[in-house]
Amino acid sequence: MSTNNNRDQKNFNQAALDYHSVEPKGKIEVIPSKPHSSQRDLSLAYSPGVAIPCLEIERDPKLAYEYTGKGNLVAVISNGTAVLGLGDIGAEASKPVMEGKGLLFKIFADINVFDIEINEKDPDKFIEIVKGIAPTFGGINLEDIKAPEAFYIEHRLKEELDIPLMHDDQHGTAIISAAALLNALEIAGKKIDEVKMVVNGAGAAAVACTKLYLELGLKKENILMCDSKGVINHKRTNLTPEKLDFVANTEMETLAEALKGADVFIGLSKADVMTPEMLLSMAENPVVFGLANPNPEINYELAMETRKDTIMATGRSDYPNQVNNVLGFPYIFRGALDVQARGINEAMKLAAVRALADLAKEPVPEAVILAYNLKNLNFGREYFIPKPFDNRLITKVSIAVAKAAMESGIAGKPIENFEDYENDLLDRMGRDEKLIRMMQNRARSNPKRVTLGNAEEYNVLKAAQILYEEGIAQPILLGEKKYVQEQMKKFGIELNVPIVDPMDEDQEENRIKYRETLWKLRQRKGMNEYKAKRYVRQRDYFGPLMLHHGDTDALIVGFSKNYSSTLKPILKIIEKDKGVDKISSMMMIITEKKPLFFADTSVSQNPTAEDLVNIARMSELTVKTFAVEPRIAMLSFENFSGISETSKKVAKAVSILHEKYPKMIVDGEIQPDFALNSDHLSDYPFSKLGTTPANVFVFPNLESANISYKIIRGLKVAQVVGPILMGLKKPVHVLQMRASVDEIVNLATIAVLDAQRREKK
């Protein structure tokens, strides 16, 4: 077992290095945001045109928010003295973490970031450096600075700068855990001003958390804070000023003593310091926050086995109620930047706390439930803090913070219309691969066996390694065993998963079983027993037969063959879904702003109007499984005129859809550029699409669909996932020839979700 763990760790370590070193190196980059293709563009961007906004800003410095990117730019600043659990590793070594924080700002709230690593441990010198570069930024996020210097640095900078500034290690954890605490106490039937709390840990996060809880009503006399030496009581000496604030007049000295009769335990320390006996000594319905990472102060399963009435949160994503800073800092800065706040004050933090607490009590949208592959999600012991992939966070938290900044008088540019602001926030969403992350998260919750054909290919082997290590799927490699093993050794891929070779002796029993099945399925369609015996030795048939017999949950094939030849044996073995006359396929296009879906890209060469109806229906159902509300445009090269034969065919399909499925959001015939543009759509007020752009595009024939997505794939302007095969009873999908590693991983993820959905049926 330890050998496997060592191998997995070695693979993960190498994957982490590869991830950061592949070109472009690092995790963030700067890209132009304005046209720059012509001489005129360049003369406006730089000399001589750039002098004009420079003079305007000289006249009024606040115009920097109007003419530069300052208003959407945050500095993530560290001196590397307290990096993750690694300690004082230095400014330069902290850079990967700061880049990572920048990535989170961008993908969750569309905030641009420069990471700044300052090689200075002297707090006063550090402060002067930050003050000197502050005019560049709309906000500053301090990160991974050790206590007690972190308190002093933040205090000084907040006093001396007039932009949003926050030490996230302190206040991010405080805000998220405070929201969780309010809701956990409500579930426990307890009031915050009456509960007895034990805080284990006395660092920056613990102090900030406890101070925020006091603002919510917690009584100071009801708090016992512990550090590595035990309870911080009146007998202790040589305490920092921050610890002095929490000295208790008590004879208790140990964590075990402090926890007797306590209502709440807040752990911001290290793993396994809380024993089952300590938990048993707590009051009824104990609230336990084990926030040490990566492992909590008491294991979640152990806590639940010890006491069924435990109400628990951790910092981990694989347990309920994750206290994750990403629920807070992107949206707090988003709201603060958008009103040009002169800081982040207590009112704004408390507004974020209450917005998060309230959001957990609201009915959870289907999209969030699907994202986590849950049957339901209701406010209670296993859900009292929102999930990180909840798309409502950007509106709920950012708006609450912006309003608090305005009401407390520190907003430099108040928002006049919050309905418009909410729409602006929603427009920012989707500029990332959030959908892919959501899909992978769902897959991990219940990974399925996925058989990968062409297993001797490097891309397939690498994809299998990622699927296995990430827990997305349980890969089965289909190919010539000896050659697959040679390739794994050649490429340094260590992977302990089944290798299925149709020619191998250990498959003799399956060959007999599969031969009988294939002959029965095809004996009246030109196949005799001899052919069946020969075909089951071929991977093209063996894979679908594995799926037919339930020896795998899903199948991914087609890496080295064209689509139609790969599809033929599949259609001979896997039946169509009930009510499906013709199968179809769809591509998912992950653009900067949102996912788009193209159908049919691979199967139906020249569909009839009735075929287009079926393609639209299958597309609608498939898109909904990705937690996306489908808005379908039936495409042609004309807009609602029906002159050409193609347009007439599309118009007929739309007419059938409107009559049979009146609740579908679908219309056409329409040109794709019009279907993607709100202003263009407003020219057609009768359309079911309204003025909201379409996200699903049903093409009038295969050629137009296939050419369109392959241009996008070739230009690499968006991530292309698929083809997603629609209409079969079993989860089988055919890759594009020479698919990339990411494309294989993504399609296999979809196959897992497909298998999960069918299992629920």
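Remember, predicted model here, so these are calculated numbers, not experimental data.

Reading the values: the criteria
- Residues numbered from 1 in each chain as written.
- Predicted model: local features only at pLDDT ≥ 70, side-chain atom pairs only at ≥ 80, totals over all residues.
- Heavy atoms only, no water.
- Helix = DSSP H or I, 4+ residues; strand = E, 2+ residues; numbered from the N terminus.
- Rg over C-alpha atoms; globule rule 2.2 N^0.38 Å.
- Buried < 20%, exposed > 50% of the residue type's maximum accessible area, 1.4 Å probe, protein only.
- Contact = heavy atoms within 4.5 Å.
- Areas by Shrake-Rupley, 256 points an atom, 1.4 Å probe, with all protein chains shown as cover.
- Lys, Arg positive; Asp, Glu negative; His and termini not counted.
- Charge placed at Lys NZ, Arg CZ, Asp CG, Glu CD.
- pLDDT = per-residue confidence, 0-100.
- Pairing = 2+ DSSP bridges.
- Axes fitted to C-alpha atoms, helices over the stretch in contact; angles between N-to-C directions.
- Core = buried A, V, L, I, M, F, W, Y, C linked by side-chain atoms within 4.5 Å.
- Expected span 1.5 Å × (residues − 1).

Caption draft 1: Structural detail: the overall build of the chain. For the chain, the helix and strand inventory stands at 31 helices and 21 strands. Computed over the C-alpha atoms, the radius of gyration of the chain is 29 Å, within 12% of the 27 Å expected from 2.2 N^0.38 for a compact globule of 761 residues. With respect to the three principal axes, the spread of C-alpha positions in the chain is 90 × 65 × 50 Å. Among the 761 residues that make up the chain, the fraction classed as buried is 53%. For the chain, contacts bridging at least 24 residues in sequence account for 70% of all contacts bridging at least 6. Total accessible area on the chain is roughly 35000 Å²; 51% of this is exposed by carbon and sulfur atoms. Counting 97 positive and 104 negative side-chain charges, the chain places the averaged centre of each group 6 Å from the other.

Caption draft 2: Expanded view of the confidence of the model for the chain. The pLDDT averaged across the chain works out to 89; a share of 97% of its residues lies at or above 70. Put simply, helix α16 (residues 366-371) is where the chain has its lowest mean pLDDT, 65, and helix α12 (residues 276-280) is where it has its highest, 97.

Caption draft 3: Structural view of the sheet that holds strand β3 (residues 139-142). Reading across the sheet, the 4 strands line up as β2-β1-β3-β4 and stay open at both edges, with parallel pairing between neighbours. Both edges of this open sheet fall to β2 (112-117) and β4 (165-167), since each of them pairs with a single strand only. Between one strand axis and the next, the sheet turns through 20 degrees on average, direction left out of account. Against the sheet, helix α7 (residues 149-160) touches β3 and β4, its axis set at about 170 degrees to β4.

Caption draft 4: Summary view of the nonpolar core. Among the nonpolar cores identified, the biggest contains 88 residues, and I175, L181, V287, F289, M348 and V397 are the most heavily contacted of them. Ranked by residue count, the leading element in this core is helix α8 (residues 168-188), at 10 residues. Within the second largest apolar cluster, 63 residues are counted, among which are L461, A463, A464 and A599.

Caption draft 5: Here's a closer look at unusual backbone geometry. A cis amide bond links A147 with the next residue in sequence, P148, at an omega value of 5 degrees. A positive phi angle, near 55 degrees, is found at N238, a position not held by glycine. The topology assignment puts N238 in the loop between β7 (230-231) and α10 (241-244). A relative accessible area of 79% means that N238 is categorised as exposed.

Caption draft 6: Examining the sheet that holds strand β14 (residues 554-557) more closely. One open sheet accounts for 5 strands, arranged β13-β12-β11-β14-β21; its pairing is parallel. Pairing within the sheet leaves two strands with one partner each, and these edge strands are β13 (499-500) and β21 (732-734). Looking at chain direction, strand β12 (residues 474-478) and β13 are connected through 2 bridges and run parallel. Each bridged residue has a counterpart across the sheet, and for L478 the counterpart in β13 is V500. Its contacts with the sheet place helix α25 (residues 563-573) against β14 and β21, and it is angled at close to 160 degrees to β21.

Caption draft 7: Helix α22 (residues 508-522), seen in detail. With 15 residues, α22 should cover 21 Å at 1.5 Å per step; its first-to-last C-alpha distance of 21 Å lies within 8% of that length. Within α22 the residues assigned to the buried category are N510, R511, Y514, R515, T517, L518 and R522. On its buried face, α22 is in contact with α23 (529-535), α24 (539-548) and α25.

Caption draft 8: Main features of the environment of P32. Looking at the element boundaries, P32 is found in the loop between α1 (2-21) and α2 (39-45). Given a relative accessible area of 58%, P32 falls into the exposed group. Along the chain, P32 and G727 lie 695 residues apart, while their C-alpha atoms are 43 Å from each other.

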